[in-house]
2 protein chains.
Amino acid sequence: MQQVAHHAGVSLATASRVLHGSGSRTVGEELRRRVEAAAQELRYVSNAPAQALARATSSVVGLIVHDVADPYFGAIAAGAMRAAREQRLMVMIAATFREPGLELEYLRGLRAQRARAVILAGSGTADAAATAELAEEIAGFEADGGRVVCIGERGPDLDTVAMANRAGGGLAVRGLWELGHRRIGVVSGPSELLTVRHRLDGARRALRALGAPLPLRAVVEGDFTRAGGRAAAVRLMTEQPDLGALLVLNDVMAAGALAGLRDDLGLAVPTRVSVVGFDDVPFAADLSPALSTVRLPLEQAGEAAVGLLLEPPGDAPRRVELAAELVLRDSTAAV
Amino acid sequence: MQQVAHHAGVSLATASRVLHGSGSRTVGEELRRRVEAAAQELRYVSNAPAQALARATSSVVGLIVHDVADPYFGAIAAGAMRAAREQRLMVMIAATFREPGLELEYLRGLRAQRARAVILAGSGTADAAATAELAEEIAGFEADGGRVVCIGERGPDLDTVAMANRAGGGLAVRGLWELGHRRIGVVSGPSELLTVRHRLDGARRALRALGAPLPLRAVVEGDFTRAGGRAAAVRLMTEQPDLGALLVLNDVMAAGALAGLRDDLGLAVPTRVSVVGFDDVPFAADLSPALSTVRLPLEQAGEAAVGLLLEPPGDAPRRVELAAELVLRDSTAAV
DNA sequence: CTGTTAGCGCCTTCAC
DNA sequence: GTGAAGGCGCTAACAG
């Protein structure tokens, strides 16, 4: 920048003002033109780290997900990045690959980068120790002036974009009920994930309200992956062959469940058993049969998270609630 | 760090050496311990931008994709991030949402961030002007000491991870041929994308070698999206109803094609028409019917790209070639 | 409006 | 092995 200033015959400060002009200070037309020309000619590229150092704030926001290849996070990331672009923010992304310790490590890394904010997109966990450590790191991050927003519940004092996981679980179960299903099973994910707990809880409550409490044996747990869904669904239908409908707690697992039902067990969907997934990821409609599922506005969640980051800190924690919607396709049938 | 040094009763330089110790200088056991204790106690977090400024190099690498929500890029990103984690690199991700200008803009942004390197994951384009501009920016980036690697062809003088797009196109066509298909059509993507051109070219050559050149009317172009694939497939089968097999140039489009054939045209796959896709994204096996496709080692490509980044610049451009493999599932049948 | 002058937090010769 | 001092590129008062 020194060079640009010299080349344009102005002071360093003036060059800085026209090039990065932050704030009220304005520069005369003539000088402004000269500086811009010089920058152009010298192919000047500003130095973001230096700016970050001087202003004690940067234009990067962090995004921590479990797995970028998972369409659930892909959709959230897409929404967040679209919003980030509008705000001219760069996003630094980190994937924990579902290793709990990595979330903490990356948050620390983002703190070292002096990220202006970070979005915790993955589900919180029921592990108290891990949660406490994370809370401490979050506090540190915020003490440094950074903002943190969670997608999904993480704690009452955090800005969060809340997904209707409980309501969604209820929606699914009631939808199945209305189709005439009475023997409903649940293919669940790892029970330490809050997201899983909430979805399951929503389903449980709805069933209880309907007068048909969910028996323990009708719930089986698997990894939050395709293979996990397949194995769990097969196990559940083997142990409880009288089930007529399955709620699978995410679409990726549901894809596996569909495969297991068809290829491992030879059970026809939806004639023999109906299946409802959760999330409505892009490929849900292309599965065989097209998956009925609980739609969550994933991209919108990513956008909303960036929206919260932009708002000034505020006294009370902010929340935006996103609704769920049941979409019935071909994997469910009336009985 | 000043504080840590003071707290440990050592100089700033010593604290720096034990905390970020880059290089030959070593610190005595005793002092080292004291500094570490002080850092721990004061909850010191190093300042990456300051380090970047002082060392004139950072630990962030950029990753530019077209769309994070696209499973093709999701898989590449996952591979790249896994490798980045092993190297303790942070990755800054940017999505162009297929707007050509954005690639340039983001590359510039990454340059401003003083990223140590950037991976251009999206396909190159046949637009000469855009390519030239990009080349210039790449040159500038490298002049600043940054490294650039491309996934897919971008130019002979760039480090690149080459995917077997041509060979894959040939593989698909020959596979279909061996199944007895003689009337093969191609659902293509935007012809300005180099990836598309290479895949199509591979198919063309193979067909010519087989003595049955691909007629122009048997190729139809659509967006590189689900909707694009659907529309193009429907159009192609409507105009050329005698086609017995379709090569769709990526899996996302193939998902759309399958939907269109089934829901819009009522054509049975694979009995009436066989379909083969390209990429083998994770959901390919879950489509209805399970999609036969040309598998590309996507995650591996991401990892390889990071691998290239790490190697010292070298005199000649480096290349790593990744092979394609035809995987036949249920969307293809013999005639 | 424009220029001067201190730093921002850290690294790195260079002496000790 | 350890400390002192200058500088990385930029911003932000503060004077003119």
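None of these values were measured; they are calculated from a predicted model.

A.B. asks: I tried to follow the protein's contact with DNA strand C on my own but got confused; where do I start?
C.D. replies: Close contacts around DNA strand C come from 24 residues, with A:Thr14, A:Arg17, A:Gly28, B:Ser16 and B:Tyr44 the closest. Per the 4 Å cut-off to the protein, sugar and phosphate atoms form 69% of the nearby atoms of DNA strand C. B:Ser16 is positioned such that a nitrogen or oxygen atom in its side chain is 2.6 Å from a phosphate oxygen of DNA strand C. Counting residues per element, the ones that place at least two in the surface near DNA strand C are helix H2 (12-20) and helix H4 (48-55) of chain A together with helix H2 (12-20) and helix H4 (48-55) of chain B. Of all the elements, H4(B) adds the most residues to the surface near DNA strand C, at 5 residues. The residue makeup of the surface near DNA strand C, split by class, is 12 nonpolar, 10 polar and 2 charged.

A.B. asks: What is the right way to look at the sheet that holds strand S6 (residues 184-188) of chain A in this model?
C.D. replies: Whenever strands of a sheet pair, they do so through backbone hydrogen bonds, lying parallel or antiparallel. Residues and elements named next belong to chain A. Judged by pairing direction, the sheet is mixed, and its 6 strands sit side by side in the order S7-S6-S8-S9-S10-S12 without closing on themselves. If you trace the sheet from one side to the other, it starts and ends with strand S7 (219-221) and strand S12 (325-327), each paired once. Strand after strand, the sheet turns through a mean of 20° between neighbouring axes, direction not considered. Summarising the sheet, strand S9 (residues 274-279) and strand S10 (residues 292-295) pair through 4 bridges and their orientation is parallel. In the strand pairing of S10, Val 276 is matched with Ser 292. Strand contacts of helix H9 (residues 194-209): S6, S7, strand S8 (245-248) and S9, with the helix running at about 170° to S6, the strand carrying the most contacts.

A.B. asks: Any chance you could explain the packing of H2(A) against helix H3 (residues 29-42) of chain A here in plain terms?
C.D. replies: In helix packing, the relevant descriptors are the interaxial angle and the interaxial distance, both defined with respect to the helix axes. Residue and element names in this part refer to chain A. The interhelical angle for the contact between H2 and H3, taken along N-to-C directions, is 80°, at an axis separation of 9 Å. Relative to H3, the element H2 lies roughly perpendicular. Here Thr 14, Ala 15, Val 18 and Leu 19 of H2 come into contact with H3, specifically with Leu 31, Arg 32, Val 35, Glu 36 and Ala 39.

A.B. asks: What is the right way to look at the pairing of strand S8 (residues 245-248) of chain B in this model?
C.D. replies: Looking down a regular strand, the side chains alternate between one sheet face and the other. Residues and elements named next belong to chain B. Alternating residues of S8 divide into Ala 245 and Leu 247 and Leu 246 and Val 248, and every residue in both groups is buried. Alignment of S8 against strand S9 (residues 274-279), held across 3 bridges, turns out to be parallel. Pairing of Ala 245 across the sheet is with Ser 274, part of S9. Since S8 and S9 lie parallel, the crossover through helix H11 (residues 251-264) that links them has a hand, and here it is right-handed.

A.B. asks: Looking at this model, I keep getting lost on the relation of the copies chain A and chain B. Mind explaining?
C.D. replies: One copy of the chain maps onto the other through a rotation about an axis followed by a shift along the same axis. Take chain A, turn it by 180°, move it 0.1 Å along the axis, and it overlays chain B with an RMSD of 0.1 Å. What the superposition gives is, in effect, a two-fold axis relating one chain to the other.

A.B. asks: I would appreciate a short explanation of the protein's contact with DNA strand D in the present structure.
C.D. replies: As a structural note, the neighbourhood of DNA strand D is formed by 26 residues, with A:Met1, A:Ser16, A:Tyr44, B:Thr14 and B:Gly28 the closest of them. Among all atoms of DNA strand D positioned within 4 Å of the protein, those belonging to sugar or phosphate total 69%. Note that a phosphate oxygen of DNA strand D is positioned 3.1 Å from one of the backbone N or O atoms of A:Met1. Within the backbone of B:Gly28, one N or O atom sits 2.4 Å away from a phosphate oxygen of DNA strand D. When residues of the surface near DNA strand D are traced back to their parent elements, those giving at least two are H2 and H4 of chain A together with H2 and H4 of chain B. Among the elements that line the surface near DNA strand D, the one with the most residues is H2(A), at 5 residues. For the surface near DNA strand D, the residue count by class is 12 nonpolar, 10 polar and 4 charged.

A.B. asks: Would you mind going over the nonpolar core with me for this structure?
C.D. replies: Side chains of a nonpolar character, in soluble globular proteins, are inclined to be buried together. Ranked by size, the top nonpolar core spans 166 residues in total, and within it A:Leu246 and B:Leu246 carry the most contacts. With 38 residues, the next largest nonpolar core counts A:Ala115, B:Met90, B:Leu104 and B:Val118 among its residues.

A.B. asks: Mind showing me how you'd approach helix H5 (residues 71-86) of chain A here?
C.D. replies: Since the α-helix advances by 3.6 residues per turn, residues separated by three or four positions end up pointing in the same direction. Residue and element names in this part refer to chain A. Counted at 1.5 Å a residue, the expected span for H5 with its 16 residues is 22 Å, and the 23 Å between its end C-alpha atoms agrees. Of all 16 residues that make up H5, 13 are buried, and the element is covered over most of its length. The opening residue of H5, the one whose side-chain oxygen lies 2.8 Å from the backbone nitrogen of Tyr 72, is Asp 70. Taken from the residues just after H5, Arg 88 is the one with a positive phi, measuring 55°.

A.B. asks: Would you mind going over the sheet that holds strand S10 (residues 292-295) of chain B with me for this structure?
C.D. replies: Residues and elements named next belong to chain B. Pairing in this open sheet of 6 strands is mixed, and the strands run S7-S6-S8-S9-S10-S12 from one edge to the other. If you trace the sheet from one side to the other, it starts and ends with strand S7 (219-221) and strand S12 (325-327), each paired once. Neighbour to neighbour, the strand axes of the sheet diverge by 20° on average, direction disregarded. With 4 bridges joining them, strand S6 (residues 184-188) and S8 adopt parallel strand pairing.

A.B. asks: I keep staring at the packing of aromatic side chains and nothing clicks. Help me out?
C.D. replies: Given two aromatic rings, one states the distance between the centres and the angle between the planes to describe the pair. In the structure shown here, the tally under the stated rule is 3 aromatic pairs over all chains. Their ring planes at 90° and their centres at 4.9 Å tell us that A:Tyr72 and A:Phe73 sit as a pair that is edge-to-face. When its relative accessible area of 12% is taken as the criterion, A:Tyr72 is described as buried. With relative accessibility at 5%, the residue A:Phe73 sits in the buried group. Sitting above the plane of the B:Phe97 ring, A:Arg82 keeps its charged end 4.4 Å from the centroid.

About the criteria used
Residues numbered from 1 in each chain as written. Chains lettered and ligands numbered in written order. Predicted model: local features only at pLDDT ≥ 70, side-chain atom pairs only at ≥ 80, totals over all residues. Heavy atoms only, no water. Near = heavy atom within 4 Å. Polar contact = N/O pair within 3.5 Å; in protein donor to acceptor, adjacent residues only side chain to side chain. Helix = DSSP H or I, 4+ residues; strand = E, 2+ residues; numbered from the N terminus. Nonpolar A, V, L, I, M, F, W, Y, C, P; charged D, E, K, R; others polar. Pairing = 2+ DSSP bridges. Axes fitted to C-alpha atoms, helices over the stretch in contact; angles between N-to-C directions. Contact = heavy atoms within 4.5 Å. Parallel < 35°, antiparallel > 145°, perpendicular 65-115°, else oblique. Buried < 20%, exposed > 50% of the residue type's maximum accessible area, 1.4 Å probe, protein only. Right-handed = clockwise from strand over helix to strand, strands pointing away. Least-squares fit on C-alpha atoms with pLDDT ≥ 70 in both. Core = buried A, V, L, I, M, F, W, Y, C linked by side-chain atoms within 4.5 Å. Expected span 1.5 Å × (residues − 1). Phe/Tyr/Trp six-rings, centres within 6.5 Å; stacked < 30°, edge-to-face > 60°. Lys NZ or Arg CZ within 6 Å of the ring centre and 35° of its normal.

From the geometry alone we can't say anything about function, so treat these as descriptive.
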